[in-house]
Amino acid sequence: MKKNLFITGIFLLLSSVTVLFAQKPTQPAPKKSLIGDYLSIGGYINSQYNFESQKLNDGTLDESNTFQIRRARLDIKGNITKNIEFRLQGDFTKSAALVDAFVKVKFNPYINVQVGQFKIPFSIENPYAPLDLEAIDNAQVINALSGFSDVSGNGNYKFGREIGVMLYGGFINMETFGKKFQLFNYSVGVFNGAGINTKDNNKTKDIAGRLELHPWIKELVLAGSMYIGEYQTTNNENAVRNRYGIGGEYKNNHLVVRSEYLWGVTGMDNTDEFTLAEGKLVNDQKSDGFYAIAAYVFNVGKEGKQTIAPVVRYDYYNSNTDLTETTSTYYMLGLDWWPEKHLRFQLNYTLKDNGNNDNLGHAVAAMLSVKF
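Residues numbered from 1 in each chain as written. Predicted model: local features only at pLDDT ≥ 70, side-chain atom pairs only at ≥ 80, totals over all residues. Heavy atoms only, no water.

Notes on a nonpolar patch on the surface
Together, Phe107, Tyr110, Ile111, Val115, Val165, Leu167, Phe171, Ile172, Val188, Val190, Ile207 and Met226 line one region of the surface with nonpolar side chains, adding up to about 980 Å² of accessible area. If you list the elements that add at least two residues to the nonpolar patch, you get strand 7 (161–176) and strand 8 (179–191). With respect to the helices and strands, Met226 occurs in strand 10 (residues 220–228). (Patch = residues over 30% accessible without salt bridge, like charges linked within 9 Å, V, L, I, M, F, W, Y side chains within 5 Å. Areas by Shrake-Rupley, 256 points an atom, 1.4 Å probe, with all protein chains shown as cover. Salt bridge = Lys/Arg side-chain N within 4 Å of Asp/Glu carboxyl O. Helix = DSSP H or I, 4+ residues; strand = E, 2+ residues; numbered from the N terminus.)

Here is the structure:
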């Protein structure tokens, strides 16, 4: 734990120093087609290849490789008025599934309302869209505790989203290096806690929130977040699903440095009794993890219209009960290349150190993305 917090401190220190080298943006966002005065239609397709190799403790070799369509999204959004914004996004990889469906009502910089299905305000990385994420996959702890592949095993927790209502805004206006920003930003919401496209299946509501501090400069953020709730098990019993996180990020249009530590408790009920296993009572499942990621964008090609970015990430995750404990540490090297603003290629190599295996594993992932 002390080691993880020390590494976090180092990354945040580097983040503060790098403001001296901030550069102007050079990669414009792809334009979207407009219909009428307020509606835009876009989307993207992620085509992916995965290879994994792991030598097991019994000496056998476990290998797999596959092509897949990771995502196929259609995204419709717009501003009905200057105060009302909407978004409707669907995914069509296996069957049509609603991903985002929300309305924002903007009152002033201090308080605004968002209603519908959208990403929960938990962690710094969870709100990132796939095309904005530096790596092909999220860090292990983000997957486990932010609802992508939730440690609870509830199959409805996907995409880091829930149905609910959220207040968000900021306060205390600042200006540094000619850039205006708010010192504090907040997001706090009440959600069903049952997963995407699902009505609440218990009598409780979940609460999620994130508070961000932008000290000194707009590009630097320090954040704390929490998620407090319950979910319904296959035995129709309520189980705790509590998560917490702290972290920081420095990001301009060239350099990204981000680090977070997340921890949580997932169990069968509020009395810490989990389930019967081998004739013994097991406590709630406790999970925690830490990651640190860095990337730098270089402008290359004719007139610097192409961008290429090397990416590195340290990724640790631990999950345990009274009977079992699993620990895994991943070391990732990656390359992110935009040949032009509508096309992206990513290549990630990951060295996997799984605590329950005597041998290191290897994984290679490649993704081609087209944005329209």
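With respect to the confidence of the model for the protein chain
Residues of the protein chain with pLDDT of at least 70 account for 86%, and the chain-wide mean is 87. Contacts from residues 1–34, a stretch scored under 50 in pLDDT, to residues over four places away or in other chains number 54 contacts. When the criterion is pLDDT under 50, residues 269–281 qualifies, and its contacts beyond four places in sequence or with other chains add up to 28 contacts. (pLDDT = per-residue confidence, 0-100. Contact = heavy atoms within 4.5 Å.)

Looking at the environment of Lys104
Among the secondary structure elements, Lys104 is positioned in strand 5 (residues 97–106). As for Lys104 and Phe86, which are separated by 18 residues in sequence, their C-alpha atoms are 6.1 Å apart. With near-sequence residues (within four places) excluded, Lys104 lies in contact with Asn83, Ile84, Glu85, Val113, Gln114 and Tyr168.

Some details on the layout of surface pockets
Taken as a whole, the second largest pocket spans an internal volume of roughly 240 Å³. Lining the second largest pocket are 15 residues, and of these Asp137, Arg313, Tyr330, Thr350 and Lys352 sit closest to its centre. Mapped by element, the contributors of at least two residues to the lining of the second largest pocket are strand 2 (39–55), strand 18 (306–320), strand 19 (325–340), strand 20 (343–354) and strand 21 (361–371). Across the lining of the second largest pocket, the residue classes tally to 5 nonpolar, 5 polar and 5 charged. (1 Å grid on protein atoms, 1.4 Å probe; cavity = no way out; pocket = protein on both sides within 12 Å on 5 of 7 lines; lining within 4 Å. Points joined across faces, edges and corners; volume = space filled by probe spheres on them. Nonpolar A, V, L, I, M, F, W, Y, C, P; charged D, E, K, R; others polar.)

Observations regarding the environment of Val188
Examined against the element boundaries, Val188 turns out to sit in strand 8. Taking relative accessible area as the criterion, Val188 reaches 37% and is therefore assigned partly exposed. Discounting chain neighbours no more than four positions away, the residues touching Val188 are Val165, Met166, Leu167, Ala208 and Gly209. (Buried < 20%, exposed > 50% of the residue type's maximum accessible area, 1.4 Å probe, protein only.)

So, empty space enclosed by the protein
Tallied over the full model, the rule gives 2 cavities of 30 Å³ or more. Here the largest cavity is characterised by a volume of approximately 40 Å³. Lining the largest cavity are Ile120, Ser146, Gly147, Tyr157, Lys158, Gly160, Arg161, Glu162, Tyr227 and Arg241. Residues that form the lining of the largest cavity fall into these classes: 3 nonpolar, 3 polar and 4 charged. Taken together, Arg71, Pro130, Leu133, Ala135, Ile136, Arg344, Gln346 and Met367 form the lining of the second largest cavity. Among the residues forming the lining of the second largest cavity, the class breakdown is 5 nonpolar, 1 polar and 2 charged.

Overview of the pattern of salt bridges
Considering all chains together, one arrives at 16 salt bridges under this definition. With a shortest N-O distance of 2.8 Å, Asp100 and Arg161 are connected by a salt bridge. Linking Asp100 in strand 5 with Arg161 in strand 7, this pair joins segments that are 61 residues apart in sequence. Judged by its relative accessible area of 2%, Asp100 is buried. One salt-bridge network, held together by shared partners, links Glu125, Glu134, Glu249 and Arg258.

Looking at the nonpolar core
Ranked by size, the top nonpolar core spans 22 residues in total, and within it Val141, Ile142, Leu262 and Tyr291 carry the most contacts. Taken together, the elements giving at least two residues each to this core come down to helix 2 (140–145), strand 7, strand 16 (285–296) and strand 18. Take this core: its biggest share by element is 4 residues, from helix 2. In contact with Tyr291, other than residues within four places in its own chain, are Glu125, Ala139, Val141, Ile142, Arg258, Ser259, Glu260, Tyr314 and Asp315. Counting 6 residues, the second-largest nonpolar core is a separate cluster that includes Ile217, Leu220, Leu255 and Val257. (Core = buried A, V, L, I, M, F, W, Y, C linked by side-chain atoms within 4.5 Å.)

Considerations on unusual backbone geometry
Despite not being glycine, Phe177 shows a phi value in the positive range, around 55°. Looking at the element boundaries, Phe177 is found in the loop between strand 7 and strand 8. By relative accessible area, which is 66% here, Phe177 ends up exposed. Positioned with a positive phi, Asn197 is a non-glycine residue whose angle comes to about 55°. Turning to its location among the elements, Asn197 is positioned in the loop between strand 8 and strand 9 (206–213).

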